[in-house]
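As a plain string of letters, each chain reads:
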Amino acid sequence: MKQRVPLTLAAVTAALAAVTGLAALTAPAADGAPAAAASGGAAARMPVERSLLVCPAPSTSDIADTVYTAITPGAAAAGGKGTARLLGATKDAKPVLELKEPGKPVGAKASGAEAPALTGTADGFLAPGWSAQQTTVVSVGRTRGLLGVGCTAPGTDFWFPGVSTAKGREDYVHLTNPDDAAAVVDIKLFGPDGAVKTEAGTSENIRIDPKSSKAISLSSLAPGAQLADVTAHVTTRAGRIGATTQAGEEGVGADWLPASVDPAGTLVLPGIPADAASVRLIAFAPGDEDADLKIRLAAANGTITPAGNEQLHVKAGMTASVDLKDVTRGEAGSLVLSPADGKQSVPVVAALRIVRGSGAKQDLGFVQASAPVGPRATVADNRPEENAAVLSLTAASGADATVRVTASPGTEGGEPASKEVTLKAGTTQTVSLAPTGGKGPYALTVETLTGGPVHASRTLTVPRDGTPMFTVQTLSDDRSTVSVPKAAQDLTVLTEH
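Residues numbered from 1 in each chain as written. Predicted model: local features only at pLDDT ≥ 70, side-chain atom pairs only at ≥ 80, totals over all residues. Heavy atoms only, no water.

Novice: Is there a simple way to explain the side chain of Ser164 in this structure?
Specialist: Of note, Ser164 is situated in the loop between strand S11 (157–163) and strand S12 (169–177). The exposure class assigned to Ser164 is buried, which follows from its relative accessible area of 2%. Polar contacts involving the side chain of Ser164 include one to the main-chain amide nitrogen of Ala166, which spans 3.0 Å. Of note is the side chain of Ser164, whose polar atom sits 3.1 Å from the backbone oxygen of Ala228. Setting aside residues no more than four positions away along its own chain, Ser164 makes contact with Arg169, Asp171, Leu227, Ala228 and Val230. (Helix = DSSP H or I, 4+ residues; strand = E, 2+ residues; numbered from the N terminus. Buried < 20%, exposed > 50% of the residue type's maximum accessible area, 1.4 Å probe, protein only. Polar contact = N/O pair within 3.5 Å; in protein donor to acceptor, adjacent residues only side chain to side chain. Contact = heavy atoms within 4.5 Å.)

Novice: Honestly, the state of the cysteines in this entry has me stumped. Any pointers?
Specialist: Two cysteines whose sulfur atoms are joined by a covalent bond form what is called a disulfide. Across all of its chains, the model carries one disulfide by this definition. Covalent S-S linkage joins Cys55 and Cys151, the inter-sulfur distance amounting to 2.0 Å. Between Cys55 and Cys151, the disulfide has an S-S torsion of 105 degrees and is therefore right-handed. Pair noted here: Cys55 is in strand S3 (residues 50–55) and Cys151 is in the loop between strand S10 (145–150) and S11, with a separation of 96 residues, a long-range link. (Disulfide = S-S within 2.5 Å.)

Novice: Looking at this structure, I do not really get the sheet that holds strand S34 (residues 442–451). What am I missing?
Specialist: Sheet strands line up and pair through hydrogen bonds in the backbone, either parallel or antiparallel. The antiparallel open sheet is built from four strands, whose spatial order is S29-S34-S31-S32. The outermost strands of the open sheet, each flanked by one partner alone, are strand S29 (376–382) and strand S32 (417–423). Each strand of the sheet is rotated relative to its neighbour by a mean of 20 degrees, with strand direction disregarded. Relative to S32, strand S31 (residues 401–407) runs antiparallel, the two being bridged by seven bridges. When the bridges of S32 are listed, Ala407 appears paired with Ala417. (Pairing = 2+ DSSP bridges. Axes fitted to C-alpha atoms, helices over the stretch in contact; angles between N-to-C directions.)

Novice: Please explain the packing of aromatic side chains as it appears in this structure.
Specialist: Any pair of aromatic rings gets described here by the distance separating the centres and the angle formed by the planes. Applying the stated rule across the entire model yields three aromatic pairs. For the pair Phe158 and Phe160, a centre-to-centre distance of 6.4 Å together with 10 degrees between the ring planes defines the contact as stacked. Here the aromatic rings of Phe190 and Phe284 are separated by 4.9 Å at their centres, their planes lie at 35 degrees, and the arrangement is tilted. In this pair, Phe190 sits in strand S13 (residues 183–191) while Phe284 sits in strand S21 (residues 278–284), placing the two residues 94 residues apart along the sequence. (Phe/Tyr/Trp six-rings, centres within 6.5 Å; stacked < 30°, edge-to-face > 60°.)

Novice: For this particular structure, what's the right way to read the confidence of the model for the protein chain?
Specialist: Caution applies to low-pLDDT regions: their predicted coordinates should not be interpreted in detail. In the predicted model, the protein chain carries a mean pLDDT of 89, and 88% of its residues have values of at least 70. When the criterion is pLDDT under 50, residues 488–497 qualifies, and its contacts beyond four places in sequence or with other chains add up to 25 contacts. (pLDDT = per-residue confidence, 0-100.)

Novice: Explanation requested: unusual backbone geometry in the structure shown.
Specialist: Negative phi is the rule for most residues except glycine; trans is the rule for most peptide bonds. With omega at 5 degrees, the peptide bond leading from Gly452 into Pro453 counts as cis. One can find Pro453 in the loop between S34 and strand S35 (455–461). Despite not being glycine, Lys325 shows a phi value in the positive range, around 55 degrees. Topologically, Lys325 is positioned in strand S25 (residues 319–325).

Novice: What should I look at first to understand the environment of Ala276 in this one?
Specialist: Within the element layout of this structure, Ala276 appears in the loop between strand S20 (267–272) and S21. For the pair Ala276 and Ala332, spaced 56 residues apart in sequence, the C-alpha to C-alpha distance is 8.6 Å.

Novice: Is there a simple way to think about the pattern of salt bridges in this case?
Specialist: Side-chain pairing between opposite charges can occur once the charged atoms of the two side chains come close. Counted according to the given criterion, the structure contains 17 salt bridges. One salt bridge connects Arg280 with Asp229, and the closest N-O pair in it is separated by 3.1 Å. One end of the pair, Arg280, is in strand S21; the other, Asp229, is in the loop between helix H3 (218–221) and strand S17 (230–238), and 51 residues separate them in sequence. When its relative accessible area of 25% is taken as the criterion, Arg280 is described as partly exposed. According to the relative accessible area criterion, Asp229 is buried, its value standing at 11%. (Salt bridge = Lys/Arg side-chain N within 4 Å of Asp/Glu carboxyl O.)

Novice: Mind showing me how you'd approach the environment of Arg458 here?
Specialist: Tracing the backbone through its elements, the reader meets Arg458 in strand S35. For the pair Arg458 and Thr430, spaced 28 residues apart in the sequence, the C-alpha separation amounts to 9.3 Å. Non-local contacts of Arg458, meaning those with residues more than four positions away in its chain, are made with Gln133, Val379, Asp381, Asn382, Ala389, Val390, Leu391, Leu444, Thr471, Val472, Gln473 and Leu475. Engagement of the side chain of Arg458 in a polar contact is seen with the backbone oxygen of Asp381, the distance being 2.2 Å. At 2.5 Å, the side chain of Arg458 and the side chain of Gln473 are in polar contact.

If you want it as structure tokens, here you go:
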């Protein structure tokens with residue numbers, strides 16, 4: 001028979017946390033229930049109590065120098081407790097860095113090719129918005145460049161438009177398993193003519209052992225396929241992983257290419273540097289329909305259409321690309337892709353390959369399509385040198401927006417600084433902000449105050465011997481809160497007996 005069984009509020013909350021991948025909620029009311037639910041009000045955003053991040057192994061170069069930086073934004077809660085640490089993605093690994101309190105970043109360094117992939121957890125009052133970044137400098141060799149990547153939450157489905165199997169490119173997808181059970185992964189490649197035939201037994205059922213990491217050469221999956229523009233699709237059959245790709249181009253540079261935001265009809269790729277010498281757009285339509293995309297550049301004074309590159313046709317299941325050259329023409333901007341026919345929206349993924357400098361003094365970077373910053377987003381590693389770190393803020397839709405930008409203290413001292421920025425619809429503004437008297441890497445946090453949505457990225461430039469080494473990281477919601485729905489007075493479910 002069927003019986004109505006009361007379901008406690010705590011059980012509802014626990015179930016919600018399990019579904020969203022965020023653990024239990026904090027801020028209990030006096031009676032022990034979450035504060036918003038206890039009040040009987042509408043759905044509220046509540047702080048998460050546990051966060052998980054994964055970082056790939058930095059480099060295979062013996063002369064690589066890596067800096068790790070982590071922070072939880074905000075102020076310390078009175079009597080609050082929590083832990084946050086990053087450690088090697090192996091069993092019984094020692095912590096690489098540990099965070100002690102919100103609002104103050106911590107850093108660590110590693111050298112050479114032995115630096116491992118990292119996993120980490122934060123709980124208690126250090127969990128909401130916990131962010132980490134790794135930045136690596138390789139001065140010479142085939143992987144020369146400034147390689148930066150934000151540590152990410154693990155998942156099961158990743159799109160990487162912009163990878164390559166061409167001669168002179170060395171692209172690897174890094175897969176890290178943070179859990180205690182093995183993960184099983186498939187990798188599919190799509191070129192300009194559709195699915196790329198891969199070597200039998202190399203791209204499916206790839207086992208990633210518990211607490212371990214693998215780097216898979218994309219060219220090894222399809223020997224002989226010399227393709228300049230490829231889209232890689234990484235999925236799991238079992239378990240979850242952290243996934244990102246590292247691309248190195250002989251004579252140009254190297255950087256990380258993170259996953260694009262999930263397929264969507266309209267995409268924003270924020271933060272093309274003002275002095276970009278070459279910009280190439282790569283897009284892929286994973287469904288059964290072709291996509292016709294309108295290409296626009298949101299710059300300081302409004303949105304423009306690049307002359308001669310007004311649209312891009314993307315055939316279903318095929319990777320398309322277009323050379324936008326020096327599209328910014330000395331003015332930083334963000335690329336906005338939208339349906340050429342506003343009534344027909346076809347989901348796509350996209351990324352930009354960007355080169356700065358010229359001749360032997362070039363470096364390579366990527367910008368992937370990203371989600372909005374939401375209520376708050378943070379990038380953890382910025383440098384106090386003048387103009388080393390530049391934020392690009394974009395209000396790509398038809399609404400103005402106001403954001404607050406906050407620079408944390410440095411890892412070695414300084415006082416936080418903050419400013420509000422108003423963004424006109426369809427424009428991109430750049431912002432440089434550093435802590436007062438700051439020493440060491442610091443974090444930048446962007447909060448949406450009004451309007452939006454707002455998209456953002458941070459360009460970090462660390463010149464070496466006349467080469468403008470750089471890396472761009474997009475910012476997205478820091479997953480610091482979870483929505484708790486209004487509690488009904490009679491919380492019941494039907495169960496079978």
